[in-house]
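Results of the structural survey
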Amino acid sequence: MRLVAAIIVAAICFAPSAANVARGEVTAEQVRRAIDEAVGYLQRQQRPDGSWEDYLAYGGGTTALCTLSLLTAGVPVDDPGIQKALGYLRKLESKWNYVISLQTMVLAIAEPQKDLPLIIRNVKTLEGRQHRDERSNGSWAYELPIRIADNSNAQFVLLALHEAERAGVQTSEATWRLARDYWQRTQNPDGSWGYVPGQPGTGSMTCAGISALLMAREKLAEGDARVSGDVVECCVEQQADSSITRAMAWMARNFSVHQNPGDAGHILYYLYGLERIGRLTNSRLIGNHDWYREGADALVRRQTQLGGGAWKGEGAGEHQQLIGTCFGLLFLSKGRRPVLAAKLEYDPDQTWNNHRQDLANLTRYCEKKWKYDLTWQVIRSKDATIDDLNQAPVLYISGSKAPTWTDAELANLRRYLDTGGFIFAENCCGGTEFDTGFRAMLARMFPDRDERGNLLYQLRPLPLEHTVWHAEEPVDPKYMRPLEGLDVGCRTSVIYCPQNLGCYWELDRLGRKQRYPDAVEAEIRAVRSIGINVMAYATNREVKYKLEVPRNVADAAKADPVERAKLYIAEMKHGGGSNIAPTALVNLLKQLSLDTGVRVSTEKRELSPLQEEVFDYHLLFMHGRSSFSFSDAERKQLRLFVERGGMIFADAVCSSEEFASSFRREMGAIFPDAPLRPIPPKHEMYGDKFGGFNLTQVTLRDPRRGGGGGPLRADVINAAPELEGVQFGTRYGVVFSKYDLSCALERHNSLECAGYIRDDAARIGINVILFSLRGNL
């Protein structure tokens, strides 16, 4: 065992660091740094009165654009600079539609209740300036006396009206109807739009047209569900919009992030529009292009070349760094909004999308309740890699026909679940075809059977005691839907409803004026509560920005083909759920390799305490969630293992009191003269002495129910780790965490599960392993 430890120490000292490996594409950290630098640049340019220097002919527009960009980038409303800017903008009087529109957008997202009268005034002004002439009926110009309307002004006015709606201000359906008709009427035959009707199409103006029609559809369309009397009708015939389809096809054919298609300039203005259509269509791909990743990569490179945190483009406006920086910052900030869920596209005949706004409306409700911006996206199953799937914490699968997936697609979905993903599925439109097909799909995905031949993974009804029923808000018992769940690892990772959910989310449009019969409204609220409860349960209300990949999915070990000097750790079998988090140790070892350069073996090795092979290892890892006991012979063997220099490292999955009680009892029986005691907070195991991390403060999530039956919340506690150990001189032979490590290592952070957050669970595990190696020298 000492020889093994010595070999591993050599591996730590001489292995190349994973931190030196170059990456060929933009990273989340590079994007975050680019945003921070752009924010810093804009803040440095602000004048004492709260304004920015106006490079545009229409005064106040630059100040509004800079303020909008900073707010979108996450600068809080109570920031002194933002408050100065708001004070300046509240006093601003302008005749220019650009300026009024930008002013309205800022006020609508900053402090809408405070500025409601001003927002309402601006909405009336903009609606009153809409053109009513034959050529440009439904559009806008720079100001009312100017009769030549243009698509850039028209776009900004509609963006302002859209934000006003989101802030609770009603806008006129007649205005939106005229605008929709204008954009449809003036579209070029190839699907594009130019700056004014009849001009050749450009990327920036085609993005404007797509955005305008999408916002108009949201305001005007009846949706894919309706109410007739007291009856809810789901899966109604969809109203096609060929204008959007043709325009998106044009964008796919002409896609670029390095130039504005059809225009020699205005690249940054174009990217600002590209972000919008990607977000409003909820498309991760435009054609075969990952629009955000490619655009972010181009912007990071462009900013680095210019220096100072700014961007500068070509063409009117953006050739000035203030304007160019705003457009670049808006792309990076808005485009990287955290993805709540992805809708899985799996069927070419669109039966996966019978209710096109279901997930959009649920996402907006989650935004409103959780008070931060979210988005959702569509992922094509046939094209998706495991990395694509991992960008979304929840995959939403809806359908009315039996889904057909290839073995490769199912393997991807299984791996997605095994690495912490979550599937939320519903059988919409009634019928049994999807229900039968979905259950068959799960049987193919999880063929695992026990010794009696029974399936290990099956859908089972979720009892009312399950956390999902009250994770965010109570569900009216009168309108409950049956939910079934399938457990993977530490939590329920598939939730399926055999009845309609999306139909009712489709009806629940934000800001709708229509009031349905009381019973229908109550049912909408109940089904909405089910939706947000599942999202809260699946995500812990913790979602990541685009491009962020969880630390423990990095496959640091696969690049090392050398078998020599590898670290091997075995898992101990027992009767308390020894395999409940099957990838926890594998993920921990991968992270150890990534962070320290240690060569590891991720081959799964499970041993019972009586096997002689336990003495080939210096550390045995175990976890569980249920009570268990060892035999006298097993206790004797484990005592001998520790006395010879080995270590037992264990944690209670989801902080299970049953497992913790059993583990303490068994360690007490094995080591009656050396009980488990708390490891002091200043112990060297918690420091970076051995190449690990400083753990003087880690984050522990401890779920507690809000008062009065409120939502389940996780109190965050920042302190040193709470580990216990059995000590032999300066060496620990047993290290135990009563709080969860394993579920966090699996990415299965469960809302009802007390334990350390993912990154800190990995750091604690790495420090324990490194300490065990030094302790065995």
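Residues numbered from 1 in each chain as written. Predicted model: local features only at pLDDT ≥ 70, side-chain atom pairs only at ≥ 80, totals over all residues. Heavy atoms only, no water.

**Comments concerning the nonpolar core**
Selection criterion: Residue types Ala, Val, Leu, Ile, Met, Phe, Trp, Tyr and Cys, when buried and joined through side-chain atoms within 4.5 Å, form a set referred to as a nonpolar core. Exposed residues in this analysis have more than 50% of their type's maximum accessible area, buried residues have under 20%, and partly exposed residues fall in between, with area computed by a 1.4 Å probe over protein chains only. Helix and strand labels come from DSSP, where a helix needs a run of H or I of at least four residues and a strand needs a run of E of at least two; each type is numbered from the N terminus. Contact between two residues is taken to exist if any of their heavy atoms lie within 4.5 Å; hydrogens are not considered.
Among the nonpolar cores identified, the biggest contains 96 residues, and L158, W183, M251, L271, L274 and L332 are the most heavily contacted of them. Sorting elements by how many residues they give to this core places helix α9 (residues 203-220) first, with 10 residues. The contacts of W183, once residues within four sequence positions are left out, are N151, A154, Q155, L158, W193, M205, A208, G209, A212 and L213. The next biggest cluster of nonpolar side chains, apart from the first, holds 76 residues, and it includes L344, W376, A526 and V527.

**A few points about the pattern of salt bridges**
What counts is decided by this rule: Think of a salt bridge as a Lys or Arg side-chain nitrogen and an Asp or Glu carboxyl oxygen that are within 4 Å of each other.
In this structure the tally under the stated criterion is 48 salt bridges. In this structure, R515 engages D518 in a salt bridge whose closest nitrogen and oxygen atoms are separated by 3.7 Å. R515 sits in the exposed class, given a relative accessible area of 55%. Of the residues examined, D518 reaches a relative accessible area of 58% and is grouped as exposed. Taken together, the shared-partner salt bridges in this structure form one network comprising E25, R284, D290, R293 and D388.

**Digging into the sheet that holds strand β15 (residues 647-652)**
Put simply, the rule is: Criterion used throughout: strands pair if DSSP finds at least two bridges between them. Note on definitions: angles span 0 to 180 degrees between N-to-C directions of axes, and those axes are lines fitted to C-alpha atoms, for helices only across the stretch in contact.
Sheet architecture is open: seven strands sit in the order β13-β12-β14-β15-β20-β19-β16, paired in mixed fashion. For this open sheet the edge positions go to β13 (606-607) and β16 (677-678), each flanked by a neighbour on one side alone. With six bridges joining them, strand β14 (residues 619-624) and β15 adopt parallel strand pairing. Looking across to β15, one finds that L620 is bridged to I648. Relative to the sheet, helix α21 (residues 632-643) contacts β12 (570-572), β14, β15, β19 (723-728) and β20 (731-737), its axis offset from that of β15 by approximately 120°.

**Topic: the state of the cysteines**
To be explicit about the condition: Disulfide assignment relies on a single distance test, namely cysteine sulfur atoms paired within 2.5 Å.
As enumerated under the stated definition, the model contains two disulfides in all. With a sulfur-sulfur separation of 2.0 Å, C234 is cross-linked through a disulfide to C503. One disulfide, between C234 and C503, carries an S-S torsion of -85° and so falls in the left-handed class. With a gap of 269 residues between them, C234 in the loop between β2 (231-233) and α10 (242-253) and C503 in helix α18 (residues 502-507) connect regions that are remote in the sequence. Here C234 falls in the partly exposed class, since its relative accessible area comes to 23%. Taking the relative accessible area as the measure of exposure, C503 reaches 0% and is therefore buried. Between the sulfur atoms of C235 and its disulfide mate C429 the distance is 1.8 Å. With the S-S bond torsion at -90°, the cross-link from C235 to C429 turns out left-handed. Remark: C429 occurs in the loop between β8 (423-427) and α17 (433-445) and C235 occurs in the loop between β2 and α10; sequence separation between them is 194 residues. Not part of a disulfide, C66 finds its nearest cysteine sulfur in C326, a span of 3.6 Å. Using a relative accessible area of 0% as the deciding quantity, one classes C66 as buried.

**A short note on the confidence of the model for the protein**
Here is the rule we go by: Scored from 0 to 100, pLDDT records how confident the predictor is in each individual residue.
For the protein, per-residue confidence averages 88 on the pLDDT scale, and residues scoring 70 or more make up 91% of the total. Residue range residues 551-564 is modelled with pLDDT below 50. Its contacts to residues more than four positions away, or to other chains, number 26 contacts. Considering only residues more than four positions removed or in separate chains, one finds that residues 705-709, a stretch of pLDDT under 50, has five contacts.

**Looking at the pairing of β8**
The side chains of a regular strand alternate between both faces of the sheet. What counts, and what does not: Handedness of a crossover is defined as follows: orient the strands so they point away from the viewer, and if the path from the first strand over the helix to the second runs clockwise, the crossover is right-handed.
With five of five residues buried, β8 lies mostly within the body of the structure. Covered by surrounding structure in β8 are I423, A425 and N427 together with F424 and E426, the residues of both alternating faces. Relative to β8, strand β7 (residues 395-399) runs parallel, the two sharing five bridges. From the neighbouring strand, S398 faces β8, where its bridge partner is E426. Between the parallel pair β7 and β8, the chain is carried across by helix α16 (residues 407-418), and the sense of this crossover is right-handed. By the bridge criterion, four bridges tie β8 to strand β11 (residues 491-497) in an arrangement that is parallel. Paired with E426 across the bridge in β11 is C497.

**Focus: the sheet that holds β8**
To summarise the sheet geometry, strands pair through backbone hydrogen bonds and adopt either a parallel or an antiparallel arrangement. Across the sheet, seven strands lie side by side as β6-β5-β7-β8-β11-β10-β9; this open sheet has mixed pairing. Two strands bound the open sheet, and with one partner strand each, they are β6 (375-380) and β9 (460-461). In the packing of helix α14 (residues 358-370) onto the sheet, the strands contacted are β5 (339-345), β6, β7 and β8, and the crossing angle to β5 comes to about 170°.

**Description of the pairing of β15**
Burial of β15 is extensive: six of the six residues sit out of reach of the surface. Here β15 shows no split at all, with M647, F649 and D651 on one side and I648, A650 and A652 on the other all buried. The parallel pair β14 and β15 is bridged by α21, and the resulting crossover is right-handed. As judged from the four bridges shared by β15 and β20, these two strands associate in the parallel manner. Note on β20: the bridge partner recorded for D651 is S737.

**Concerning the packing of aromatic side chains**
Where we set the bar: Any two of the Phe, Tyr and Trp rings considered here, Trp counted by its six-membered ring, make a pair once their centres fall within 6.5 Å; the pair's planes then place it as stacked at under 30 degrees, edge-to-face at over 60, or tilted in between.
In the structure shown here, the tally under the stated rule is 32 aromatic pairs. Look at Y292 and F331: their rings are 5.5 Å apart centre to centre, the planes differ by 10°, and that puts the pair in the stacked class. Of the two residues, Y292 is situated in helix α12 (residues 291-306) and F331 in helix α13 (residues 321-335); the sequence distance between them amounts to 39 residues. No difference in accessibility class separates Y292 from F331, as the two residues are buried. Where F690 meets F771, the ring centres are 5.9 Å apart and the plane angle is 55°; that geometry is what we call tilted. Placement of F690 in the loop between β16 and β17 (698-705) and of F771 in helix α24 (residues 758-775) is noted, with a sequence separation of 81 residues between them. A relative accessible area of 14% places F690 in the buried class. Taken together, W96, Y98, Y142, F156, Y269, Y272 and F327 form an aromatic cluster joined through their ring pairs.

**Notes on the side chain of H162**
Among the secondary structure elements, H162 is positioned in helix α7 (residues 151-166). The exposure class assigned to H162 is buried, which follows from its relative accessible area of 10%. Once residues lying within four places of it in the same chain are set aside, the contact partners of H162 are W176, M215, E218 and R364.

**Brief notes about the environment of L567**
Secondary-structure assignment places L567 in the loop between α19 (518-539) and β12. For L567, a relative accessible area of 0% puts it in the buried group.

**Considering empty space enclosed by the protein**
For clarity, the cut-off: Only protein atoms enter the 1 Å grid, on which a cavity is a set of points fitting a 1.4 Å probe that cannot get out and a pocket is an open set with protein on both sides within 12 Å along at least 5 of 7 lines, lining residues being those with an atom within 4 Å of a point. Grid points are joined across faces, edges and corners, and a volume is the space filled by probe spheres set on the points. The classification used treats Ala, Val, Leu, Ile, Met, Phe, Trp, Tyr, Cys and Pro as nonpolar, Asp, Glu, Lys and Arg as charged, and all other residues, Gly among them, as polar.
Applying the stated rule across the entire model yields seven cavities of 30 Å³ or more. Its boundaries defined by the atoms lining it, the second largest cavity holds a volume of some 110 Å³. R284, D290, W291, Y292, R293, V339, Q377, Q391, K546 and L547 together form the lining of the second largest cavity. Looking at the lining of the second largest cavity, the element that brings in the most residues is α12, giving three residues. When its residues are assigned to classes, the lining of the second largest cavity shows four nonpolar, two polar and four charged.

**Focus on the environment of S772**
By secondary structure assignment, the location of S772 is in helix α24. Overall, the relative accessible area of 1% leaves S772 in the buried class. Spatially, the C-alpha atom of S772 lies 63 Å from that of Q238, the residues being 534 residues apart in sequence. In contact with S772, not counting residues within four places along its chain, are H618, L619 and M647.

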